[in-house]
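An overview of the molecular structure
Okay, here's what each chain looks like letter by letter:
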Amino acid sequence: MGKYEKLLQRILTGTSDNNIKFDELRQLLKKLGFEERIKGDHYIFTKDNVEEIINIQPKGSKAKGYQVRQVRNLIVKYGLGDSDVS
């Protein structure tokens, strides 16, 4: 199991939302096919066939817990996951 597959599992279990590294979350979203735009400290991710726009900001070196939950909800809602990350 690779680094991003393990990260995806950690996000999906929901046990460490406040302990996800911001840069790892960004890279995971890119691997899932999201396009990134940066405006100040706002990292905005969009993807074809996904209605919602993901907007994340760092909190030190970590991602904000509520934003990790938003990412988890999108992964579950749209069935994104292992086949996209491999």
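In the block above lies the structure referred to throughout.
Residues numbered from 1 in each chain as written. Predicted model: local features only at pLDDT ≥ 70, side-chain atom pairs only at ≥ 80, totals over all residues. Heavy atoms only, no water.

1. A few points about the overall build of the chain
- When its secondary structure is counted, the chain shows four helices and five strands.
- A compact globule built from 86 residues should have a C-alpha radius of gyration of about 12 Å, and the chain, at 12 Å, falls within 12% of that.
- In terms of overall dimensions, the chain has C-alpha extents of about 35 × 30 × 20 Å along its principal axes.
- Expressed as a percentage of its 86 residues, the buried residues of the chain come to 40%.
- Considering only residue pairs separated by 6 or more positions, the chain has 47% of its internal contacts joining residues 24 or more positions apart.
- Surface exposure of the chain reaches about 5200 Å², of which carbon and sulfur atoms provide 45%. (Helix = DSSP H or I, 4+ residues; strand = E, 2+ residues; numbered from the N terminus. Rg over C-alpha atoms; globule rule 2.2 N^0.38 Å. Buried < 20%, exposed > 50% of the residue type's maximum accessible area, 1.4 Å probe, protein only. Contact = heavy atoms within 4.5 Å. Areas by Shrake-Rupley, 256 points an atom, 1.4 Å probe, with all protein chains shown as cover.)

2. Quick word on unusual backbone geometry
- The phi dihedral of asparagine 49 falls on the positive side, at around 70°, and the residue is not glycine.
- Following the sequence through the fold, asparagine 49 ends up in the loop between β2 (42-46) and β3 (54-56).
- Overall, the relative accessible area of 75% leaves asparagine 49 in the exposed class.

3. So, the packing of helix α1 (residues 3-13) against helix α2 (residues 22-31)
- Between α1 and α2, the shortest axis-to-axis distance is 10 Å and the interhelical angle comes to 105°. When the axes of α1 and α2 are compared, the pair comes out roughly perpendicular. Counting all contacts with α1, which are made through Lys3, Tyr4, Leu7, Leu8, Arg10 and Ile11, the residues of α2 involved are Glu24, Leu25, Gln27, Leu28 and Lys31.
- Its residues placed into classes, the contact of α1 with α2 shows six nonpolar, one polar and four charged. (Axes fitted to C-alpha atoms, helices over the stretch in contact; angles between N-to-C directions. Parallel < 35°, antiparallel > 145°, perpendicular 65-115°, else oblique. Nonpolar A, V, L, I, M, F, W, Y, C, P; charged D, E, K, R; others polar.)

4. Regarding the nonpolar core
- Leu25, Leu29, Phe34, Ile54 and Ile56 are the most contacted members of the largest nonpolar core, which has 22 residues in total.
- Counting only elements with at least two residues in this core, the list comes to α1, α2, β2, β3 and α3 (65-78).
- If we ignore the near neighbours within four places in the chain, the residues touching phenylalanine 34 are Leu29, Phe45, Thr46, Lys47, Val50, Ile54 and Leu80. (Core = buried A, V, L, I, M, F, W, Y, C linked by side-chain atoms within 4.5 Å.)

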